[in-house]
Amino acid sequence: MELFKGAYEGAVTATSYAEILLAKAIKEYGADTPVKYPDTAYRLPVITALSGEEVNTIGDLAPILNRIRTTNIKEELTFENAKLNGEATLYAAEIIEALRYLNGAKPDKYPYTGFLSDPILRKFGVPLVDQTIPGVAVIIGKGKDSKSTAKLVKDLQAKGIMIMLANEVIEQCIEEGVKIGVDFITFPLGNFTQVIHAVNFAFRAGLAFGGIPAGQRERALEYQAKRVLAFVIQLGPNDIVKFAAEFGAIFMGFPVVTDQPVAEEIPDWYQSEPDYEKIGKLGLEMRGIKIKIVDIPVPITIGPAFEGETIRKKDAWVEFGGGRSTSFELVRMCDADQVEDGKIEVIGPEIDEMPEGSVFPLGIMVDIYGRKMQEDFEGVLERRVHYFINYGEGLWHVAQRNMMWVRIGKNAKAAGFKIKDLGEILIAKYKSDYPAIVDRVQVTIITDKDVIEDKIKIALEKYAARDARLKGLTDESVETYYSCTLCQSFAPNHVCIVSPERVGLCGAVSWLDAKASNEITPTGPNQPIEKGECMDPVKGSWKNLNDFIYTHSNRTVENVNFYTIMDSPMTSCGCFEAIMAILPLCNGIMITTREHGGETPCGMTFSALAGTCGGGVQTPGFMGIGRRYITSSKFIPADGGLGRIVWMPKELKEYLGQDLVDAAVRAGLGADFIDKIADETVGTTEDEILPFLEEKQHPALQMDPLM
Ligand code: SF4
Ligand code: NI
Ligand code: NI
């Protein structure tokens, strides 16, 4: 068979090429030259996942390459052998690529991303498990023309698919103005062997979220087949090395669809579809990816790919709020007779009456009636406004409540976007995402500068009432916590327990979110658990919670203490916003974030730390957390609370800002506590920061020894 022959010859070529490059590198730099990708805890992830052989230097690669050639490259043309040839090709590509990163080289120039770091992988954990991103398409080669290729990519973006691009399709997308880059969940990896970064990204999901130990080949493959919903679209003329790489994808469980004629298709695995209108859909079908289509009658594309898009001032047709004008957004629960379903009213000028570059006020009032709606859900639903509007291509939304700031891009205006369309987006999304609690929605949008001053009073009153209610919402004041097992699709043994004062470690699920989501899907990932008998009030352990965790962690975690990092702490899946680690010398703990790439006083970067805790195992002394947990009054009280924090990156200090000052005052640490916390400008080793802590008389130094 032509395909199998290609896979065999391609594997021979790829491994020989790897051998040549490796020999050359050894000769040039020496066998002792260290080799690893930047900002990852998994070295060369393909090798780490599949064989677990330890690779430290380029010299270590030679025997590995030899082994895989001998065991995998088989001339007999069968499907099984083609997959083994594919596996060998993955090794070869990983080695070729890793050599590009020797001696700290940064080989990938704009627009190419090259290797995707661990923090990027972790960032997409939640959208992948909650199916905001329902799957991954790897598109390689060169499309028949730029226009239809761009359309193919844009259609997949609109469906929320994560996209990896390699070869000429990247230039074709750029030519047609398709928005690509990490911010758009569309990664232009590079040319040729750079496609391996899609593969090592996928393998890291198993290592980071699945908690699969290095070298467990069967489990690594099972994880890919079951949980990583990826497929390959091969465009344009193929060659033997590409054939071999495609069988590497099939080896992992990812089907391939091509626009080229294929003499003998392999049903479900290797099919041909020359029509660009159909090829994406066929790929999705072959991988069993189901997509919920919401038809929104607006002239712009709506999808998570555009959430990360920023619109600069000079690209904005009009902007609202952000301190330049009055703005607010409000979701209200209303009675049935107060809501006319689907009604959108704009009070004030439409976009055609707004000159280019102007500033207007904006009030968005979303009135919801639903039989199962509760006042508690208003805040939960209101925060969705941010995402829903941001999903619009050419729309930008930041902050919330009366701080919100919106820009409508010139491109959106040119496409015919109207202020009224904001209402169309919100109505469609609320009804499709929250069908169980939303029966009727109406939206009122205010752009009139007099009317808004009147209406904002309603909003401010609502916010104040909501805040007062939230203040009373403490761990003690409720009998029921909620589980979150959403991440089990990636981390099968991990269970988050969310309480009023502890947000899920992804930062995206609060107790109220979980409560609302349980109302929407009673059998879903958020289950109410009555705490029951308290086993340890100081460390925070309850019988019913432990029973739940034990059952739902596949009997791997028996006891969790909520209020400590030291003894049976909560487990992590892998998509934590921040990680805490103890610093024995300073008698305190440090926190680093996914955004902070630098070294930290525990001797590890975020990526390295993240590699030590994840996959649903308990690691005393380390814990993944959501950022907002830090200012909670239930922040590790059993270990001394907030006063234990001795180090965090500046970025986190700025992010927490006044909340951190307020929390410190509440904890009796004083408003200047934030200044006693060291950051990277003070030092990145324990020795460097200790004198600073002593000078500032940091409270942790007076506390009981941590260990
Ligand atoms: Fe995942 Fe936990 Fe966030 Fe749920 S709360 S989405 S399980 S990290
Ligand atoms: Ni946007
Ligand atoms: Ni997670």
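Quantities reported herein were computed from a predicted structural model and do not represent experimental measurements.

What counts as what
- Residues numbered from 1 in each chain as written.
- Chains lettered and ligands numbered in written order.
- Predicted model: local features only at pLDDT ≥ 70, side-chain atom pairs only at ≥ 80, totals over all residues.
- Heavy atoms only, no water.
- Buried < 20%, exposed > 50% of the residue type's maximum accessible area, 1.4 Å probe, protein only.
- Helix = DSSP H or I, 4+ residues; strand = E, 2+ residues; numbered from the N terminus.
- Arc of directions from axis to C-beta.
- Contact = heavy atoms within 4.5 Å.
- Donors = N, O, S within 2.8 Å, 3.2 Å for Na, K, Ca; no water.
- Near = heavy atom within 4 Å.
- Nonpolar A, V, L, I, M, F, W, Y, C, P; charged D, E, K, R; others polar.
- Axes fitted to C-alpha atoms, helices over the stretch in contact; angles between N-to-C directions.
- Parallel < 35°, antiparallel > 145°, perpendicular 65-115°, else oblique.
- Left-handed = near helix turned anticlockwise from the far one by under 90°.
- Core = buried A, V, L, I, M, F, W, Y, C linked by side-chain atoms within 4.5 Å.
- Phe/Tyr/Trp six-rings, centres within 6.5 Å; stacked < 30°, edge-to-face > 60°.
- Lys NZ or Arg CZ within 6 Å of the ring centre and 35° of its normal.
- Salt bridge = Lys/Arg side-chain N within 4 Å of Asp/Glu carboxyl O.
- Pairing = 2+ DSSP bridges.

It is worth spelling out helix 10 (residues 217-227) at this point. Taken as a whole, helix 10 has its buried residues at A220, L221, Y223 and Q224. Taken end-on, helix 10 shows its buried residues confined to a sector of 155 degrees, consistent with a single buried face. Projecting away from the buried face of helix 10 at angles above 90 degrees are the exposed residues E218 and K226. Those residues of helix 10 hidden inside the fold are in contact with helix 2 (45-50), helix 9 (196-208) and helix 11 (240-252).

Let us now look at the coordination of the nickel ion (ligand 2). At this site the nickel ion (ligand 2) is bound by F306 (O), E309 (OE), N390 (O), G392 (O) and L395 (O), with donor distances of 2.3 to 2.7 Å. Read N to C, the donor residues that coordinate the nickel ion (ligand 2) are spaced as F-x2-E-x80-N-x1-G-x2-L. Within this pair, whereas E309 is found in the loop between helix 12 (276-286) and strand 7 (316-321), its partner L395 is found in strand 12 (residues 395-398), the two being separated by 86 residues in sequence. Pair check on accessibility: E309 and L395 agree, each one buried.

Taken together, C484, L486, C487, C496, G504, L505, C506, V509, C573 and C575 form the complete shell of residues around ligand 1. Partitioned by chemical class, the residues of the shell around ligand 1 number nine nonpolar, one polar and no charged.

What follows is about the packing of helix 1 (residues 2-29) against helix 3 (residues 61-72). Two elements in contact, helix 1 and helix 3, have axes separated by 11 Å at closest approach and are oriented at 165 degrees. Between helix 1 and helix 3, the crossing angle belongs to the class labelled roughly antiparallel. Handedness of the helix 1/helix 3 crossing: left-handed. For the pair helix 1 and helix 3, the contacting residues are T15, S16, A18, E19 and L22 in the first and L61, A62, L65 and R69 in the second.

A few words now on the nonpolar core. Counting residues in hydrophobic clusters, the biggest one holds 203 residues, and the most contacted among them are I591 and F635. No other element matches helix 4 (residues 79-99), which puts 10 residues into this core. Filtering out sequence-adjacent residues up to four positions away, F635 remains in contact with M580, I589, I591, I625, Y629, I630, G641, L642 and I645.

As a further point, take the packing of aromatic side chains. Overall, the coordinates contain 23 aromatic pairs when judged by the stated rule. For the ring pair F247 and Y270, a centre distance of 6.0 Å and an interplane angle of 20 degrees mean the geometry is stacked. On the criterion of sequence distance, the pair formed by F247 in helix 11 and Y270 in strand 6 (residues 270-272) is long-range, its members being 23 residues apart. With relative accessibility at 0%, the residue F247 sits in the buried group. Note on Y270: relative accessible area 1%, which makes it buried. Ring centres of W542 and Y563 lie 6.0 Å apart, and the angle between their planes is 90 degrees; this geometry places the pair in the edge-to-face category. Placement of W542 in strand 19 (residues 541-542) and of Y563 in the loop between helix 18 (543-552) and strand 20 (578-583) is noted, with a sequence separation of 21 residues between them. Accessibility expressed as a relative area gives 9% for W542, which makes it buried. Through a chain of ring-to-ring contacts, the aromatic side chains of F4, F79, F243, F247 and Y270 assemble into a single cluster. Between R627 and the ring centre of Y655, over which it is positioned, the NZ or CZ distance is 4.5 Å.

So, on to the pattern of salt bridges. If charged atoms from side chains of opposite charge come close, those side chains can pair. One pass over the full model with this rule turns up 46 salt bridges. When the shortest N-O distance is used, the salt bridge between D108 and R100 registers 3.0 Å. Relative accessible area serves as the criterion here: at 18%, D108 is assigned to the buried category. Exposure remark for R100: the relative accessible area of 25% places this residue in the partly exposed category. The shortest N-O distance in the salt bridge between D315 and K314 comes to 3.7 Å. A relative accessible area of 34% places D315 in the partly exposed class.

Here we come to the sheet that holds strand 4 (residues 230-235). Read across the open sheet, the six strands follow the order 3-2-1-4-5-6; overall the sheet is parallel. Across the chains shown, the open sheet's two edge strands, defined by having one partner strand only, are strand 3 (186-190) and strand 6. Here the average twist between neighbouring strands, direction ignored, is 20 degrees. Along the sheet, helix 12 contacts strand 4, strand 5 (256-258) and strand 6; its crossing angle with strand 4, the most-contacted strand, is approximately 150 degrees.

Take helix 18 next. Those residues of helix 18 lying buried are L545, N546, F548 and I549. The arc that holds the buried residues of helix 18, viewed along the axis, is 160 degrees, so those residues lie on one side. Summarising the contacts, the buried residues of helix 18 are in contact with strand 15 (480-484), strand 16 (496-498), strand 17 (528-530), strand 18 (534-536) and strand 19. Positioned one or two residues after helix 18, N554 has a phi angle of 55 degrees, which is positive.

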